[in-house]
Structure formats: C-alpha cells, structure tokens
Amino acid sequence: NKQSVQSVVVSARGGMDAAGILRQVAQPLTAASADVGAILAQVVQLALTGQEVYLLVDDAEQLGDSALEALLGLADGSPEGRPHVFLFGEASLIDRLDQLCAEAETETERYHVIELAPYTEDETREYLEQRLEGAGQGIELFTAEQITDIHEHSGAAATGILAFQA
C-alpha cells in the first residue's frame, strides 16, 4: 500500500561514507538534519501518521564501513520506531556486516540474509516494461536483441539481498 509506505531508494555505486548515505536518506524524508537521530525522529513522526519507512540501498557492497554502521544504527531504531532497511548487494557484504556486528558485541541478531534467484530473460523484460511505463514509455523502445543484451550484461539481477532486522 503506497499510502502507508514511504520508500527511500539509494544507490551506493561509487562508494559512500556515513555522511553521504545519511544525506541521501534525510532529504526525501525531510528530516531536520542528516544524522541518525534526526532521521529516526522523522521516522517516528511518519509512524504516528501510519506510514512505515522502507530504505532500499542498491550496490550496498560499495558502501564504506562508516555508512554500514550508520545504516545499522538506523535499523536498530528507537523504541518508538525504526525504518526497514534493505541492502541489495554482492555476497562479499555479508563478511563485512559480520565483522561490524562482532565488533559491536551485541547479543541480538541485527540482520538476516535472503538470497534471490537471478531474473530470467522474461522477468527482465517485465521489469523493464514496468519501469518504462512509469516513465511514460513502452517496451517497444527496445528491440528484442537489446533486451537480451541488457539481461546478459546486468548479471540477470541482484544475486542477494541483506535485510536488517526491524
């Protein structure tokens, strides 16, 4: 239900530190400032109006450790509310998260991993069709050969998703 969920989509391509990721999250949420406390305060305010916040980070394996720590802080949230944080990335991210969580010496599980199967070519076509429709275009913008090329060069989709416990 789009009325009850506010999605914030961030690309970590090119790497990002804590300040960069927090700026990208704070802006669409209209948080007072780009820090964990202000963002969580805005998440709580949205929760009071019945809205949940979903934070989706693509290419998350490219994030710096400080950015991952900031996202763990957001996912931990506060007793009043927390965003649902989803990291889409390569398997190498799991080792980094394990290390960060071990250093934090917390007894609670802070994330879990769900592996996604790669898209089939038909699923790639459907995804492109949906995205193009949202942009006011049609799938006929691409030839069948171009769609095959996109499918093959994309790696057929994300190979994994890491979802912070919320």
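Shown above is the structure to which this text applies.
Student: I'd like a description of the overall build of the chain, backed by residues and values.
Tutor: Looking only at helices and strands, the chain features six helices and five strands. Along its sequence from the N terminus, the chain presents helices and strands in the succession β-α-α-β-α-β-α-β-α-α-β. Across the 166 residues that make up the chain, the buried fraction comes to 36%. Long-range contacts, defined here as pairs at least 24 residues apart, represent 70% of the contacts in the chain between residues at least 6 apart. For the chain, the accessible surface area stands at approximately 9600 Å², while carbon and sulfur atoms represent 49% of it.

Student: Describe helix H2 (residues 36-48), and please don't skip the residues or the numbers.
Tutor: Residue pairs spaced three or four apart in an α-helix point in one direction, given the helix's 3.6 residues per turn. Here H2 spans 18 Å end to end across 13 residues, near enough to the 18 Å set by a 1.5 Å rise per residue. For H2, the complete set of buried residues consists of Ala38, Ile39, Leu40, Gln42, Val43, Val44 and Leu46. Residues of H2 that are buried in the fold lie against strand S1 (5-11), helix H1 (18-29), strand S2 (52-58) and helix H3 (65-76). The backbone nitrogen of Gly37 lies 3.1 Å from a side-chain oxygen of the residue at the head of H2, namely Asp35. Two residues or fewer after H2 comes Gly50, characterised by a positive phi angle close to 90 degrees.

Student: Help me get a handle on a negative patch on the surface, residues and values and all.
Tutor: The grouping of Asp122, Glu123, Glu126, Glu129, Glu133 and Glu140 at the surface amounts to a negative patch. Looking at where Glu123 falls in the secondary structure, it is placed in helix H5 (residues 121-134). For Glu123, a relative accessible area of 36% gives the class partly exposed.

Student: Describe the pattern of salt bridges, naming the residues involved and giving the relevant values.
Tutor: Within the structure shown, the criterion is met by two salt bridges. One salt bridge in this structure joins Arg96 and Asp65, with 2.8 Å as the shortest N-O distance. Here Asp65 lies in helix H3 and Arg96 lies in helix H4 (residues 92-104), a separation of 31 residues in the sequence.

Calculation notes
Residues numbered from 1 in each chain as written. Predicted model: local features only at pLDDT ≥ 70, side-chain atom pairs only at ≥ 80, totals over all residues. Heavy atoms only, no water. Helix = DSSP H or I, 4+ residues; strand = E, 2+ residues; numbered from the N terminus. Buried < 20%, exposed > 50% of the residue type's maximum accessible area, 1.4 Å probe, protein only. Contact = heavy atoms within 4.5 Å. Areas by Shrake-Rupley, 256 points an atom, 1.4 Å probe, with all protein chains shown as cover. Expected span 1.5 Å × (residues − 1). Polar contact = N/O pair within 3.5 Å; in protein donor to acceptor, adjacent residues only side chain to side chain. Patch = residues over 30% accessible without salt bridge, like charges linked within 9 Å, V, L, I, M, F, W, Y side chains within 5 Å. Salt bridge = Lys/Arg side-chain N within 4 Å of Asp/Glu carboxyl O. Lys, Arg positive; Asp, Glu negative; His and termini not counted. Charge placed at Lys NZ, Arg CZ, Asp CG, Glu CD.

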